[in-house]
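One-letter residues, chain by chain:
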There are 2 protein chains.
Amino acid sequence: MTSNDDDGGAATAELLTATIELGGALRELIEASVTTTAAATEVAAAAELVRAATARIGGAPRPVSQLARLDDPAGGLRVFNPVTGVAHPLAPPLVVHQEDDGGVVAEVTLGLAYEGPPTFVHGGMSALFMDQMLGSAAGAAGLWGMTAHLELDYRSPLPLQTALQFRARVASHEGRKAFITGTIALAAAPEKILVEARGLFVMPRPEKQAAYFGSVTDAAGRHAPPRRPGDATALQQG
Amino acid sequence: MTSNDDDGGAATAELLTATIELGGALRELIEASVTTTAAATEVAAAAELVRAATARIGGAPRPVSQLARLDDPAGGLRVFNPVTGVAHPLAPPLVVHQEDDGGVVAEVTLGLAYEGPPTFVHGGMSALFMDQMLGSAAGAAGLWGMTAHLELDYRSPLPLQTALQFRARVASHEGRKAFITGTIALAAAPEKILVEARGLFVMPRPEKQAAYFGSVTDAAGRHAPPRRPGDATALQQG
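Remember, predicted model here, so these are calculated numbers, not experimental data.

Undergrad: Just to check I follow, could you spell out the overall build of chain A for this structure?
TA: For chain A, the helix and strand inventory stands at four helices and seven strands. From first element to last, N terminus to C terminus, chain A shows the α and β order α-α-β-β-α-β-β-β-β-α-β. Taking all 238 residues of chain A together, 56% fall into the buried category. Long-range contacts, defined as pairs at least 24 residues apart, comprise 64% of the intrachain contacts of chain A with a sequence gap of at least 6. When the accessible area of chain A is evaluated, it comes to approximately 9400 Å², of which 53% is carbon and sulfur surface.

As structure tokens, this is what we get:
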């Protein structure tokens, strides 16, 4: 939802601000909910407030085939991407920067909401984040595709509450296929690779794209087939 | 935190109830937050309620090395596992059942909070869920380990708002290693595999276990090295 007239622009900015605020507030509450030592009565009171919040905004959800009103998939903006979305409560979020050499990088510190084995990041979270990073690397290279194969080697567990560095780059591409690699390391020791990922992303054939996304509309109900469904993120330059 | 005396048992039950309530309420609010069509003022009001909830429970979080008070890692209960935890807002949750033949199965319907390409599950979410399923399969076989290698083949995207079936089983194991396979299909068409996963899980050597988990304590401050850190879930029989 973008608008060039002043009123529409101001309304969009207000909605974006409130939406980012809610996403950020929810991230803090999620982390509090898994780490709290408060009494049961306080936890129950928090649940009551959460239900009141849902009552404020839950009345008329968009249908699954309708994009979020703040999204601009053609431009790569998706505020509710579950890894990178600025307003998605599940996203840390990863803020993906494009580098001069064509790769992408993101740094993030993960809280206990992402825990697997005690004190470490859940192995599946590494896979979730790397899948997104590989897709973002495709986007940065002007490509897009959907995950066809993903594999990860875990050399060492990732500590929670410690700055991590995620990297990805397109290794090669041919026709509709892109081979993409990525790594995770501590931000303080970026040379020591802790997790390594490789992915094959494939752009669906036109008839598949039509079958997958033919019913997708924007918030105004206009047909809006995504041009880059695999790259769900606005990249930040530099 | 388990207790055999009546008062402690009742307090634990009350806390568990409130904690599950909060987790469930948060899941609903997360889904509402990514699908809402409410006005910006309503979204901002929801954020305010969420901050009030955080103020109720966020005062004294447990440190990262201290297990959640409701957890019993020796028994496999972790209420805040981000995939299977009954009280984790990020978990759908997957409710994992052990089958007579030794495998594990879970059925779940995913909302727009788990979206990648429009109308489909994020490819990384499939990886996250399968990593957990493979770990649960290890646990069901009396094994445990941490993910050393994970790979997935994506044959077809997974639709949102549609019942999915996740399966996993230990293919073979030797010494500290377990090879585990898994699949995702529509619950209505379980024979047609949409995503296939293979994993190698490795139990760390005793000295590694000591290094990884030596500082972990339970909620009472007692040393509590997890016996099965890779299997974070209470399995439901049958």
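Undergrad: So what exactly am I meant to see when it comes to the packing of aromatic side chains here?
TA: Aromatic ring pairs are defined here through the distance separating the ring centres and the angle between the ring planes. Under the criterion given, the structure shown has 10 aromatic pairs over all chains. A centroid spacing of 5.9 Å and a plane angle of 80 degrees characterise the contact between F129 of chain A and F166 of chain A, whose relative ring orientation is edge-to-face. Of this pair, F129 of chain A sits in helix α3 (residues 123-140) while F166 of chain A is found in strand β4 (residues 163-174), placing the two residues 37 residues apart along the sequence. Grouping residues by exposure puts F129 of chain A and F166 of chain A together as buried. Seen from their ring centres, Y212 of chain A and F120 of chain B are 5.4 Å apart, and the 75 degrees between their planes marks the pair as edge-to-face. Taken as a pair, Y212 of chain A in helix α4 (residues 206-213) and F120 of chain B in the loop between β2 (104-109) and α3 (123-140) lie in two separate chains rather than in one. By relative accessible area, which is 10% here, F120 of chain B ends up buried. Following the ring pairs from residue to residue traces out a cluster consisting of Y114, F129 and F166 of chain A.

Undergrad: Quick question: what am I supposed to make of the interface of chain A and chain B here?
TA: Size of an interface: often given as the accessible area lost when the parts come together. In this complex, chain A contributes 86 residues to the contact, which on the side of chain B involves 86 residues. When chain A packs against chain B, close to 8000 Å² is buried across both sides, 65% of that on carbon and sulfur atoms. Scanning the region where chain A abuts chain B turns up six salt bridges. E21 of chain B is the partner of R51 of chain A in a salt bridge, and the nearest nitrogen-oxygen pair spans 3.0 Å. Applying the counting rule to chain A against chain B returns 34 residue pairs in polar contact (both at pLDDT 80 or more). Contributing elements (two or more residues each) for the side of chain A that touches chain B: α1 (6-35), α2 (40-57), α3, β3 (146-154) and α4 of chain A. Considering every element that reaches the side of chain A that touches chain B, the biggest residue donor is α2 of chain A, with 16 residues. Note that β3 of chain A and strand β3 (residues 146-154) of chain B share five bridges and pair antiparallel. Counterpart to E151 of chain A in the pairing with β3 of chain B is E151 of chain B.

Undergrad: Honestly, the pairing of strand β5 (residues 177-186) of chain B in this entry has me stumped. Any pointers?
TA: Walk down a regular strand and you will see the side chains alternate between the two sheet faces. Residue and element names in this part refer to chain B. Bridge analysis of strand β4 (residues 163-174) against β5 gives 10 bridges, and the strand direction is antiparallel. Residue pairing across strands places A168 opposite G182, the latter belonging to β5. Joining the antiparallel neighbours β4 and β5 is a turn of two residues, in which G175 adopts a positive phi near 60 degrees. Alignment of β5 against strand β6 (residues 195-202), held across eight bridges, turns out to be antiparallel. When the sheet's bridge partners are listed, A178 is paired in β6 with F201.

Undergrad: Please clarify how the relation of the copies chain A and chain B should be interpreted in this entry.
TA: Mapping between the two copies of the chain is achieved by a rotation about an axis and a shift along the axis. Overlaying chain A on chain B yields an RMSD of 0.0 Å, the required transformation being a rotation through 180 degrees with an accompanying axial translation of 0.0 Å. On this basis, the relationship between the two copies can be described by a two-fold rotation axis. Residues of chain A ranked by C-alpha distance from the rotation axis are headed by E151 of chain A, positioned 2.0 Å from it. The residues that chain A uses at the interface reappear at the interface of chain B in 100% of cases, marking a shared surface.

Undergrad: When you look at a nonpolar patch on the surface in this model, what are you seeing that I'm missing?
TA: All names here are of chain A. Where nonpolar side chains cluster on the molecular surface, the patch consists of L16, I20 and V86 and spans about 190 Å² of accessible area. Checked against the element boundaries, I20 lands in helix α1. Here I20 falls in the partly exposed class, since its relative accessible area comes to 34%.

Undergrad: What am I meant to see in the environment of T217 of chain A here?
TA: All names here are of chain A. By secondary structure assignment, the location of T217 is in the loop between α4 and β7 (236-237). For T217, a relative accessible area of 17% corresponds to the buried category. Residues T217 and V64, 153 residues apart in the sequence, show an inter-C-alpha distance of 9.7 Å. Leaving out residues up to four positions away in the same chain, T217 has contacts with S65, Q66, L67, R222, H223 and A224.

Undergrad: Any chance you could explain the pattern of salt bridges here in plain terms?
TA: As a working rule, side chains carrying opposite charge can pair if their charged atoms are close by. Across all of its chains, the model carries 22 salt bridges over all chains by this definition. Two residues, R198 of chain B and E151 of chain B, come together in a salt bridge whose shortest N-O distance is 2.9 Å. Of this pair, R198 of chain B sits in strand β6 while E151 of chain B sits in strand β3, and the two are 47 residues apart along the sequence. For R198 of chain B, a relative accessible area of 30% corresponds to the partly exposed category. Look at E151 of chain B and you get buried, because its relative accessible area is 16%. The closest approach of N and O atoms between E196 of chain B and R155 of chain B, which form a salt bridge, is 2.3 Å. With a gap of 41 residues between them, E196 of chain B in strand β6 and R155 of chain B in the loop between β3 and β4 connect regions that are remote in the sequence. What makes E196 of chain B partly exposed here is its relative accessible area of 26%. Among the ionic contacts, a cluster of salt bridges with common partners joins E21 of chain A together with E48 and R51 of chain B.

Undergrad: Is there a simple way to think about the environment of P190 of chain A in this case?
TA: All names here are of chain A. Along the chain, P190 falls in the loop between β5 (177-186) and β6 (195-202). A relative accessible area of 33% means that P190 is categorised as partly exposed. Between the C-alpha atom of P190 and that of S136, which follows or precedes it by 54 residues, the distance is 20 Å. If we skip the residues at most four places from it in the chain, P190 touches Q165 and A185.

Calculation criteria
- Residues numbered from 1 in each chain as written.
- Chains lettered and ligands numbered in written order.
- Predicted model: local features only at pLDDT ≥ 70, side-chain atom pairs only at ≥ 80, totals over all residues.
- Heavy atoms only, no water.
- Helix = DSSP H or I, 4+ residues; strand = E, 2+ residues; numbered from the N terminus.
- Buried < 20%, exposed > 50% of the residue type's maximum accessible area, 1.4 Å probe, protein only.
- Contact = heavy atoms within 4.5 Å.
- Areas by Shrake-Rupley, 256 points an atom, 1.4 Å probe, with all protein chains shown as cover.
- Phe/Tyr/Trp six-rings, centres within 6.5 Å; stacked < 30°, edge-to-face > 60°.
- Buried area = accessible area lost by both parts, 1.4 Å probe.
- Salt bridge = Lys/Arg side-chain N within 4 Å of Asp/Glu carboxyl O.
- Polar contact = N/O pair within 3.5 Å; in protein donor to acceptor, adjacent residues only side chain to side chain.
- Pairing = 2+ DSSP bridges.
- Least-squares fit on C-alpha atoms with pLDDT ≥ 70 in both.
- Patch = residues over 30% accessible without salt bridge, like charges linked within 9 Å, V, L, I, M, F, W, Y side chains within 5 Å.

Remember, this is a structural readout, not a statement about activity or role.
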